[in-house]
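Observations on the three-dimensional arrangement
Here are the chains, one letter per residue:
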Protein chains: 2
Amino acid sequence: MIGQRWARSLVCSLTGEESPLDEPAFLSATGRPLLVTYDLDPERGEELKRVLPLRPWTLWRYRELLPTRDPDPVSLGEGGTPIVPLRRLAPPGIHAWIKEEGGNPSGSFKARGLSLAVNRARELGAPGVQLPSAGNAALALATYASAAGLVCRVAMPEDTPATVMDRCRLLGAEVLTCEGTLVEAGKLLAERDDGLWTLATLKEPYRVEGKKTMGLEIAEQFGWQLPDWILYPTGGGTGIVGMHKAFDELERLGLVSGPRPKFGVVQMEGCAPIVKAFEDGAEEAPPWIDPQTRVWGLRVPQAIGDFLILRALRETDGAAVAIAEQDVEPMMKRAALEEGLFIGPEGAASMLAFERLVRSGRITEGERVVIFQTGHPSNYEE
Amino acid sequence: MIGQRWARSLVCSLTGEESPLDEPAFLSATGRPLLVTYDLDPERGEELKRVLPLRPWTLWRYRELLPTRDPDPVSLGEGGTPIVPLRRLAPPGIHAWIKEEGGNPSGSFKARGLSLAVNRARELGAPGVQLPSAGNAALALATYASAAGLVCRVAMPEDTPATVMDRCRLLGAEVLTCEGTLVEAGKLLAERDDGLWTLATLKEPYRVEGKKTMGLEIAEQFGWQLPDWILYPTGGGTGIVGMHKAFDELERLGLVSGPRPKFGVVQMEGCAPIVKAFEDGAEEAPPWIDPQTRVWGLRVPQAIGDFLILRALRETDGAAVAIAEQDVEPMMKRAALEEGLFIGPEGAASMLAFERLVRSGRITEGERVVIFQTGHPSNYEE
């Protein structure tokens, strides 16, 4: 069984209704995200744990837990990112690691989800791919579409850093721009009805499978003893949904047990729909009116997976923190000066959330905290 | 013995004269590079091979083969970079992989050598560190000095990309600039006689130990069956010297055997001292007069390890190729468009050397080729 995929079907994340795996799939009949299900048991877990150490450190080491059918997927070395202990920016008694995603192909964590989604699009016969993006997802899509030999189109707000647009064009992608946020960018793509598959966040089932590997890696990097906290800059929130799914699957494999890491959702004061919904005790997050932040990855006024993120937050007794815009750049500077870490604005927001949760007493002595730094700062240059 | 370091002493690379390991050390009595020696045998090789799979994918997985004494070295997750197969830019029948070093901390392969050298400087009591650089080494030094809490100074030619200088300052380094190349930058630092340790290429023994891990990783990634060719953009050449040393050590450990990979030294037509010396059959390479190239990492008119590089080239029946300046940018574009690879100019030079060696028949059908892509292109932005 090792070496084969253990995926069984797709299910609607709201109703649980099943649908077949190897057909083009986007949203469920109820318009909700589809998720991939797997056949898992502790025997398979034992087998997996035995073979894992001999595999390369890319996300494909977890291939039994991934949905791809092709035994030779298109890969640029995505995943396998290090955890880096903080030496000065964590208070004594609290162990904090940066999960440094900036070394991924295309310079961000978006490589994980889009390597999976593009591979699936390729093996299921897509004529090409497109998505709306705040920047990093466009760059990742253009990267993997080029590697896979697929036509690619991306749409971004016109104030997205020029570096990102230039690189997308260099990778052969068609680049559209619009006023507003990635909501308007999505509308722009919807008008182009020419058959390209839209791989927007959680509007197809495979990006979350790629993001899931962040959870699988953390579990393996911590010797299958999950940390106490995972702080995550949350736009569309695929990472939270994915890691939550990863820990579920690892539990069914018998590889982890006990309390789950508490998720810390990190957003910006100028665009904090999940934070507000969490504080309000709501199950869904209404669209944020007039989203304002230059932390592009967090300028996401509405997440289609809102109910999944909020559920993960509550199930893990997590926290949700909104960061002030003016604190981001000073934190980027402190990380460089005090830790030698060259972090992006989303990573800086996570670091600020860490400090806030320590100060407020939510993170306590002896706890182990993973802080996500999701994108290399060079992707933000104008 | 596993978990301890196997390093024994330092030796002069020219005379073989031994000197003690744990004292500040720069050049040998004859003014040549010092190299670290290790106590190695097949029994240790077996032990190492057994424990390696369980260790994280950073260069510290090879800690027995590294010179550091501190069991908790300063680490930012360096090493463990992927090999990415070419899908379109390799001809049928030839298997080529990019060794993608751009995801390292500080965005280049320089992280490897400088993480080792800074750790050694720290544990041997350096008051601070400095070096002359074409760019990437400065960024790596500033990065690790910040992480280690050491004072740092870098000197660069004034036409080094502004991005590099800005980032060095952000990391807390003092930045000096000068006319000319890194030869002049070296002279500028020599004038500042204030006790900072100079970690210039091969003028201390530890950067080569970090670069050595590229060879260790390749051996492990290829299942201890070394590839046929390693194409390497060669400025100071620490990588060639280091990988050659790695394969020697692995052979003494009984982990590899048979023919060594042929090294392909890649330089630019405007600065090709090693290529010229190799073609002339010389044992040393005279300084290149009026070095001209915008591939900054290859604007190195004189390498103190010239005789070691030339020896490695001859011992492996290697090749040396000079690339035309105007071919570099088109290759960067082709790599993005055809492979989804976002490579730096040195990586593009390696790719061009690969094409040249295939065309000339030096690389033949069935051979397995590793092509080094040493730095992320964002480190080159003006």
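Residues numbered from 1 in each chain as written. Chains lettered and ligands numbered in written order. Predicted model: local features only at pLDDT ≥ 70, side-chain atom pairs only at ≥ 80, totals over all residues. Heavy atoms only, no water.

1. Remarks on empty space enclosed by the protein
One simple way to see leftover space: roll a probe sized like a water molecule over the atoms. The final tally for this structure, using the stated rule, is six cavities of 30 Å³ or more. What the largest cavity holds in volume is close to 800 Å³. Gly102, Gly103 and Asn104 of chain A together with Gly102 and Gly103 of chain B are the residues nearest the centre of the largest cavity, which is lined by 48 residues in total. Going through the elements one at a time, helix H3 (136–148) of chain A together with helix H3 (136–148) of chain B are the ones with two or more residues in the lining of the largest cavity. Roughly 330 Å³ of internal volume is contained in the second largest cavity. Phe109, Lys110, Ala134, Trp296 and Gly297 of chain A are, among the 30 residues lining the second largest cavity, the residues nearest its centre. Elements supplying a minimum of two residues to the lining of the second largest cavity: H3, helix H6 (207–221), strand S10 (229–233) and helix H7 (238–252) of chain A. Along the lines of polarity and charge, the residues of the lining of the second largest cavity split into 13 nonpolar, 13 polar and four charged. (1 Å grid on protein atoms, 1.4 Å probe; cavity = no way out; pocket = protein on both sides within 12 Å on 5 of 7 lines; lining within 4 Å. Points joined across faces, edges and corners; volume = space filled by probe spheres on them. Helix = DSSP H or I, 4+ residues; strand = E, 2+ residues; numbered from the N terminus. Nonpolar A, V, L, I, M, F, W, Y, C, P; charged D, E, K, R; others polar.)

2. Examining the relation of the copies chain B and chain A
Between the two copies of this chain, the relationship is a rotation about some axis together with a displacement along it. Relative to chain A, chain B is turned by 180° and slid 0.0 Å along the rotation axis, the superposed coordinates differing by an RMSD of 0.0 Å. This pairing of chains is accounted for by a two-fold axis. Relative to the rotation axis, the closest C-alpha in chain B is found at Gly103 of chain B, a distance of 2.0 Å. Most of the interface of chain B is mirrored in chain A: 100% of its interface residues are interface residues there too. (Least-squares fit on C-alpha atoms with pLDDT ≥ 70 in both. Contact = heavy atoms within 4.5 Å.)

3. Re the nonpolar core
Leu86, Cys168 and Phe354 of chain A together with Leu86, Cys168 and Phe354 of chain B are the most contacted members of the largest nonpolar core, which has 246 residues in total. Apart from the residues lying within four places of it in its own chain, the contact partners of Cys168 of chain B are Ala138, Leu139, Ala142, Val154, Met156, Ala173 and Val175 of chain B. (Core = buried A, V, L, I, M, F, W, Y, C linked by side-chain atoms within 4.5 Å. Buried < 20%, exposed > 50% of the residue type's maximum accessible area, 1.4 Å probe, protein only.)

4. Regarding the sheet that holds strand S13 (residues 368–373) of chain B
Residues and elements named next belong to chain B. Taking strand neighbours across the sheet as the criterion, the six strands line up as S4-S5-S13-S10-S11-S12 in an open arrangement whose pairing is mixed. In this open sheet, the two strands that pair with only one neighbour each are strand S4 (83–85) and strand S12 (319–323). For this sheet, the mean inter-axis angle between neighbouring strands, taken without regard to orientation, is 25°. In this sheet, S13 lies alongside strand S5 (residues 95–100) in parallel orientation, the contact comprising six bridges. By the bridge assignment, Lys99 is partnered in S13 with Phe372. Packed on one face of the sheet, helix H8 (residues 273–280) meets strand S11 (262–268) and S12 and runs near 135° to S12. (Pairing = 2+ DSSP bridges. Axes fitted to C-alpha atoms, helices over the stretch in contact; angles between N-to-C directions.)

5. Overview of the interface of chain B and chain A
Taken together, the 37 residues of chain B in the interface contact 37 residues of chain A. Between chain B and chain A the total buried area reaches about 2,800 Å² when both faces are included, carbon and sulfur atoms providing 56% of it. If you look at where chain B meets chain A, you find two salt bridges. As a salt-bridge pair, Asp72 of chain B and Arg87 of chain A come within 3.8 Å of each other at their nearest N and O atoms. For the interface between chain B and chain A, the tally reads 15 residue pairs in polar contact (both at pLDDT 80 or more). Put simply, the parts of the chain that give the side of chain B that touches chain A at least two residues each are S4, H3, helix H4 (162–170) and helix H10 (328–339) of chain B. Counting residues per element, the side of chain B that touches chain A draws most heavily on H10 of chain B, at five residues. Tallied by class, the residues present in the side of chain B that touches chain A amount to 17 nonpolar, 10 polar and 10 charged. (Buried area = accessible area lost by both parts, 1.4 Å probe. Salt bridge = Lys/Arg side-chain N within 4 Å of Asp/Glu carboxyl O. Polar contact = N/O pair within 3.5 Å; in protein donor to acceptor, adjacent residues only side chain to side chain.)

6. Structural notes on the side chain of Glu249 of chain B
All names here are of chain B. Among the secondary structure elements, Glu249 is positioned in helix H7 (residues 238–252). At 2.8 Å, the side chain of Glu249 and the side chain of Lys212 are in polar contact. Setting aside residues no more than four positions away along its own chain, Glu249 makes contact with Val36, Tyr38, Leu40, Leu65 and Lys212.

7. Some points on the pattern of salt bridges
By the definition in use, this model includes 62 salt bridges over all chains. A salt bridge links Glu220 of chain B to Arg61 of chain B; the nearest nitrogen and oxygen atoms lie 2.5 Å apart. Of the two residues, Glu220 of chain B sits in helix H6 (residues 207–221) while Arg61 of chain B sits in the loop between helix H1 (42–51) and S4, which places them 159 residues apart along the sequence. No difference in accessibility class separates Glu220 of chain B from Arg61 of chain B, as the two residues are buried. For the salt bridge of Arg260 of chain B with Asp248 of chain B, the shortest nitrogen-to-oxygen distance reads 2.8 Å. Note that Arg260 of chain B is positioned in the loop between H7 and S11 and Asp248 of chain B in helix H7, a separation of 12 residues in sequence. Given the relative accessible area of 33%, Asp248 of chain B is considered partly exposed. Several salt bridges converge on common partners, so that one network encompasses Arg5, Asp22, Arg69, Arg120 and Glu123 of chain A.

8. Focus on unusual backbone geometry
Comment: phi is negative for the bulk of residues other than glycine, and the bulk of peptide bonds are trans. With a phi angle near 55°, Asp290 of chain A is a residue other than glycine that sits in the positive phi range. Along the chain, Asp290 of chain A falls in the loop between helix H8 (273–280) and helix H9 (306–315). Its identity is not glycine, yet Leu202 of chain B carries a phi of approximately 65°, on the positive side. Take Leu202 of chain B: it is sitting in the loop between strand S9 (197–198) and H6.

9. Examining the environment of Gln326 of chain A
All names here are of chain A. For Gln326, the position within the fold is in the loop between strand S12 (319–323) and helix H10 (328–339). For Gln326, a relative accessible area of 59% gives the class exposed. Sequence separation between Gln326 and Arg44 is 282 residues, and the spatial gap between their C-alpha atoms is 49 Å.

10. Let's talk about the environment of Lys333 of chain A
Structurally, the position occupied by Lys333 of chain A is in helix H10. Each C-alpha atom, one on Lys333 of chain A and one on Arg55 of chain A, is 37 Å from the other, the two residues being 278 residues apart in sequence.

11. Some thoughts on the side chain of Ser133 of chain B
All names here are of chain B. Looking at the element boundaries, Ser133 is found in the loop between strand S6 (128–132) and H3. Judged by its relative accessible area of 1%, Ser133 is buried. A distance of 2.7 Å separates the side chain of Ser133 from the backbone nitrogen of Gly135, its partner in a polar contact. Contact partners of Ser133, with chain neighbours within four places excluded, come to Ala138, Ala155, Met156, Pro157 and Leu182.

12. Brief notes about the packing of H6 of chain B against H7 of chain B
Residues and elements named next belong to chain B. With their axes 7 Å apart at the nearest point, H6 and H7 run at an angle of 60° to one another. Here H7 runs oblique to H6, going by the angle between their axes. As for how H6 packs across H7, the hand of that crossing is right-handed. Contact with H6, carried on its side by Arg207, Val208, Glu209, Lys211, Lys212, Met214, Gly215, Leu216, Ile218 and Ala219, involves Thr238, Gly239, Val241, Gly242, Met243, Lys245, Ala246, Phe247, Glu249 and Leu250 of H7 and no other residues of that element. In terms of residue class, the contact of H6 with H7 is built from 10 nonpolar, four polar and six charged. (Parallel < 35°, antiparallel > 145°, perpendicular 65-115°, else oblique. Left-handed = near helix turned anticlockwise from the far one by under 90°.)

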